[in-house]
Amino acid sequence: MLGQVFNLSLLQNTIRTATPLILAGLGGLLTMHAGMLNIGMEGMILLGAFFGVVGSYFFASSFMGVVLAVVVGIIIGVIYGFFVIELKSDEFIIGIAINIFAGGLTIFLLRSIFGVKGAFSSPGIVSLPRISIPLLDQIPVLNTIFNNHSVFVYISWVLVVLTYIFLYKTPYGMWIRAAGEYPEALETVGVRAKRMKYISSIACGVFCGFAGAHLSLGYLTLFTENMSANRGFIALAAIIFGASNPIKTFAAALLFGFFDALGIRLQVVGIPSQFTQMIPYLMTVVILFIVAKKHMMQKKKVQKEEGAIQ
Amino acid sequence: MGQDMIELKGVTKQFPGVLANDAIDLSIEEGEIHAIVGENGAGKSTLMKILYGLQQPDKGEIFFRGKAVKISNPSVAINMGIGMVHQHFMLLPSFTVAENIVLGIEPRKRSIFMDYKKAVEITQDLVRTYGLKVEPQLKVRDVSVGIQQRIEILKALHKGADILILDEPTAVLTPQETEELFVVIRKLVKELNKTVIIITHKLQEVMALSHRVSVMRQGKLIGTLETKDASEQIIAEMMVGREVLLEPLEKTTVEGKTILEVNHLKSRDNRGLLALRGVNLHVKEGEILGIAGVEGNGQSELVEALTGLREIESGEVMVFSKNLAGKSPREIRESGIAHVPEDRLITGLSKDATITENMMMGLHDQEPYAKKGIHTNKQTIRQRVETLIKKFDVRTPSQDVLVENLSGGNMQKIVIAREFAFDTPILIISQPTRGVDIGAIEFIHQQIVEKRNEGCAILLISAELDELFRLSDRIITVYEGELTGTFNNGEISKKEIGLYMTGKRKLSKEGGA
Ligand SMILES: Nc1ncnc2c1ncn2[C@@H]1O[C@H](COP(=O)(O)OP(=O)(O)O)[C@@H](O)[C@H]1O
Ligand SMILES: [Mg+2]
């Protein structure tokens, strides 16, 4: 039975399920660096998933699906930015509002556009292309795990690197971080902190749009109500676990993706889905607990060492 | 000194309830050191922010080298060659020194990448040119306040500043650092042709450094003088609009029995190191006991231990023969100790709350202001606050103003008003006039002495020796958590007491502080 759970397809699934977490995580860490804790990612992903299906279905093109998901992501990013940056509203409340709005709107539009309840799937939805890497199919194990994934899997990896370079190797990334740490300091050297915050908020919308499109057009081609299934929040946990660093957040997203995949595998061997579905969420809580504990231990240790010097 | 570089005409700025700048005319000449002085809240920072494009004037004109200009944001000011070192530093603590210096005009590689190596080189070049030593690679959070100020100055110079505005640069510096800063300022002006505008409270500094001095009061520019024609007395009078300054305070002797006694008090600092190593002291009715010491020698920990904010490791705090060691802040207050904390913004006040809310803290759930600890009685509260605002001369348009919008002096008066009005037999007062202007200092000093004359036992901690000598009946010195001496005021000179404060000399007649 263990062999049925811990096999290559567990790792293959990990890569698949981690992708929306990676994408949303990158978006969320950008707003985090700019000083905004965005909990609206959940709703942003959901809207991306829905409009991805809409675009793909009506234009018969997965590319147009992504375009529509991104456009909606930009709009929500601007709205989020407008409330949080311009009107200085509470970022939690705006985040929650986006989540509720996204949940309601997608259910409503599902009925009014497609005339269905609960889920919409159709052969008319074009899925995103899968990429097969030329030489990789010669190598047995790696091929199974890494090859023939949906396109956003590979895009997300590239984005991890690009986000890292952007944040730490370019002046613009420095400005984003400065806008989060001490906006007045940035203003006084002649850079508009607000603009930096908007950029991060819009980028978050775009990345969540990608995450949503990957969910609804990547492996399955369908939209179901609440199909984001709290991935926005797990992405947030990955950001916290990864200390807002793109590389570490990527690693954390893979870890959470692994537990997600593990849940799916366990279901295959007949463990009731009520339990298996708990796994990713339970592990999120456990890991965040460990992070907090470690922080406390480190603090104590520093205190002790300094005490010893005396 | 050359011709006018900057000229302000009729510059006016209205904030809700305050006319911060009222038709200001001011000219800055090329190559001068121009001091701007004025009480807290006089409008100095606002005027400088207008010059730097951080605030827009409601009325008035600004001329730069004879041409009318509109400084709509800091970039415009930077391009004109104006640099500003703000009262609260504008540095990013988690960034390196070099990154902070080049922020906004970063050197680049292939036009989009940050060139860190170049940033470090730029910083080293600046250090060589201006003789201000900084370590380019350190994080700003790891360097001292004095160094942070150097970084700010270098940052402004790197942006091509010909005119450097320094907003209260010496408020955070030690006397040595201040002297170093002045050397740098003189060099900038003499050798490098810069123009400097410096805001300060300290009149000795004006006399020592500036060519001309402009005095502001309540939003108005009272006048500009050649420093060589001015005296501290004249400037001080212009600042507060009446004759002032250090008339002796009238002390009526009421010394009575000891009511606060501290025995063998030990306590640790935040890092777990022993900060108080067995402190003994006592304060009598109608006595001000001053504690002199270089900051960081246990004064803060002593105050926190006495007020219940810090754990006591061992020892006693006897008030009316009752031991308060280990009691909660609330119990300690109820036993008769009120406390003016050293940092009004962190422990003294809630910035985001109104004057009323701040004044009522600690009484908010007591009769007659609240019935059964829940329902508040607005009427009696407003009356009390109104009386306190008047009595303590808090300058504010209304009692519903958020404290963060007040000047430092007025904030401090609120803390003092609240604590003094508890009418406790014991007062612990820490840094009562830090960052407060002369007028308010005088007022606060009078209030403290009045309390003493009423028979209150006062423990006074201050980094200003002048203040301690002016107010205290007795002074004790602390060094590394231990008492090094105890003197009746008048027994010792300021110079001599420095030896005790730095541990170079110790009085070993222990037990009787
Ligand atoms: N952003 C602001 N909003 C409202 N009031 C302000 C603001 N900035 C300053 N003030 C008020 O304007 C007056 C002048 O303040 P400021 O220029 O900081 O004085 P100074 O630097 O001379 O101490 C004060 O009464 C202050 O409370
Ligand atoms: Mg000021």
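Being a predicted model, the structure only gives us computed values, none of them experimental. (Residues numbered from 1 in each chain as written. Chains lettered and ligands numbered in written order. Predicted model: local features only at pLDDT ≥ 70, side-chain atom pairs only at ≥ 80, totals over all residues. Heavy atoms only, no water.)

**Notes on the domain arrangement of chain B**
Line of reasoning, step 1. By the assigned domains, chain B splits into domain 1 (4-240) and domain 2 (256-335 + 471-513).
Line of reasoning, step 2. Summarising the inter-unit geometry, the C-alpha centres of domain 1 of chain B and domain 2 of chain B are found 40 Å apart. (Domains from an automatic or database assignment.)

**Let's talk about the side chain of Glu 467 of chain B**
Residues and elements named next belong to chain B.
Line of reasoning, step 1. Looking at the element boundaries, Glu 467 is found in helix α16 (residues 465-471).
Line of reasoning, step 2. This buried residue, Glu 467, is left without a salt bridge; Arg 470 holds the nearest opposite charge, at 7.5 Å.
Line of reasoning, step 3. Apart from residues lying up to four places away in sequence, Glu 467 is in contact with Pro 432, Thr 433, His 445 and Ser 462. (Helix = DSSP H or I, 4+ residues; strand = E, 2+ residues; numbered from the N terminus. Buried < 20%, exposed > 50% of the residue type's maximum accessible area, 1.4 Å probe, protein only. Lys, Arg positive; Asp, Glu negative; His and termini not counted. Salt bridge = Lys/Arg side-chain N within 4 Å of Asp/Glu carboxyl O. Contact = heavy atoms within 4.5 Å.)

**Some remarks on the packing of aromatic side chains**
Line of reasoning, step 1. Applying the stated criterion across every chain, the model contains 20 aromatic pairs over all chains.
Line of reasoning, step 2. With a centroid separation of 6.2 Å and an interplanar angle of 70°, the aromatic rings of Phe 50 of chain A and Phe 114 of chain A are classed as edge-to-face. With Phe 50 of chain A in helix α3 (residues 41-59) and Phe 114 of chain A in helix α5 (residues 91-114), this residue pair connects regions lying 64 residues apart in the sequence. The same class applies to Phe 50 of chain A and to Phe 114 of chain A, which are both buried.
Line of reasoning, step 3. Relative to Phe 259 of chain A, the ring of Phe 258 of chain A lies with its centre 5.6 Å away and its plane at 70°, an arrangement referred to as edge-to-face.
Line of reasoning, step 4. Judged by relative accessible area, which is 22%, Phe 258 of chain A ranks as partly exposed.
Line of reasoning, step 5. Assessed through its relative accessible area of 12%, Phe 259 of chain A is described here as buried.
Line of reasoning, step 6. Ring pairs connect the aromatic residues Phe 50, Phe 51, Tyr 57, Phe 58, Phe 114, Phe 120 and Phe 223 of chain A, which therefore count as one cluster.
Line of reasoning, step 7. Sitting above the plane of the Tyr 219 of chain A ring, Arg 16 of chain A keeps its charged end 5.0 Å from the centroid.
Line of reasoning, step 8. Here Lys 413 of chain B stacks its cationic end above the ring of Phe 443 of chain B, 5.4 Å away from the centre of that ring. (Phe/Tyr/Trp six-rings, centres within 6.5 Å; stacked < 30°, edge-to-face > 60°. Lys NZ or Arg CZ within 6 Å of the ring centre and 35° of its normal.)

**Quick notes on the side chain of Asn 38 of chain A**
Residues and elements named next belong to chain A.
Line of reasoning, step 1. Looking at where Asn 38 falls in the secondary structure, it is placed in the loop between α2 (8-33) and α3.
Line of reasoning, step 2. Relative accessible area serves as the criterion here: at 1%, Asn 38 is assigned to the buried category.
Line of reasoning, step 3. Within the structure, Asn 38 has its side chain in polar contact with the backbone nitrogen of Gly 40 (distance 2.7 Å).
Line of reasoning, step 4. Those residues in contact with Asn 38 that lie beyond four places of it in its chain are Thr 31, Met 44, Tyr 80, Cys 204 and Leu 236. (Polar contact = N/O pair within 3.5 Å; in protein donor to acceptor, adjacent residues only side chain to side chain.)

**Focus on empty space enclosed by the protein**
Line of reasoning, step 1. Taken as a whole and assessed by the stated rule, the structure comprises three cavities of 30 Å³ or more.
Line of reasoning, step 2. There is about 120 Å³ of room inside the largest cavity.
Line of reasoning, step 3. As for the largest cavity, its lining consists of 16 residues, and the residues nearest its centre are Thr 188 of chain A together with Tyr 52, Met 84, Lys 155 and Ala 156 of chain B.
Line of reasoning, step 4. Contributions of two or more residues to the lining of the largest cavity are made by β6 (82-85) and α5 (145-158) of chain B. (1 Å grid on protein atoms, 1.4 Å probe; cavity = no way out; pocket = protein on both sides within 12 Å on 5 of 7 lines; lining within 4 Å. Points joined across faces, edges and corners; volume = space filled by probe spheres on them.)

**A short note on the sheet that holds strand β1 (residues 4-15) of chain B**
Residue and element names in this part refer to chain B.
Line of reasoning, step 1. Pairing is antiparallel across the open sheet formed by four strands, whose spatial order is β2-β1-β4-β5. Only two strands of the sheet have a single partner each, and these edge strands are β2 (18-29) and β5 (67-69). On average, each strand axis in the sheet is tilted by 25° relative to the strand beside it, whichever way the strands run.
Line of reasoning, step 2. By the bridge criterion, eight bridges tie β1 to β2 in an arrangement that is antiparallel. For Asp 4, the partnering residue across the bridge sits in β2 and is Glu 29. (Pairing = 2+ DSSP bridges. Axes fitted to C-alpha atoms, helices over the stretch in contact; angles between N-to-C directions.)

**Some points on the environment of Gly 362 of chain B**
Line of reasoning, step 1. Position of Gly 362 of chain B among the secondary structure elements: in the loop between α12 (355-360) and β19 (370-371).
Line of reasoning, step 2. Between the C-alpha atom of Gly 362 of chain B and that of Glu 419 of chain B, which follows or precedes it by 57 residues, the distance is 9.4 Å.

**Things to note about the sheet that holds strand β16 (residues 314-319) of chain B**
Line of reasoning, step 1. Spatially, the four strands line up as an open sheet ordered β14-β13-β16-β17 (chain B), and their pairing is antiparallel. Among the strands making up the open sheet, the edge pair consists of β14 (274-284) and β17 (322-323) of chain B.

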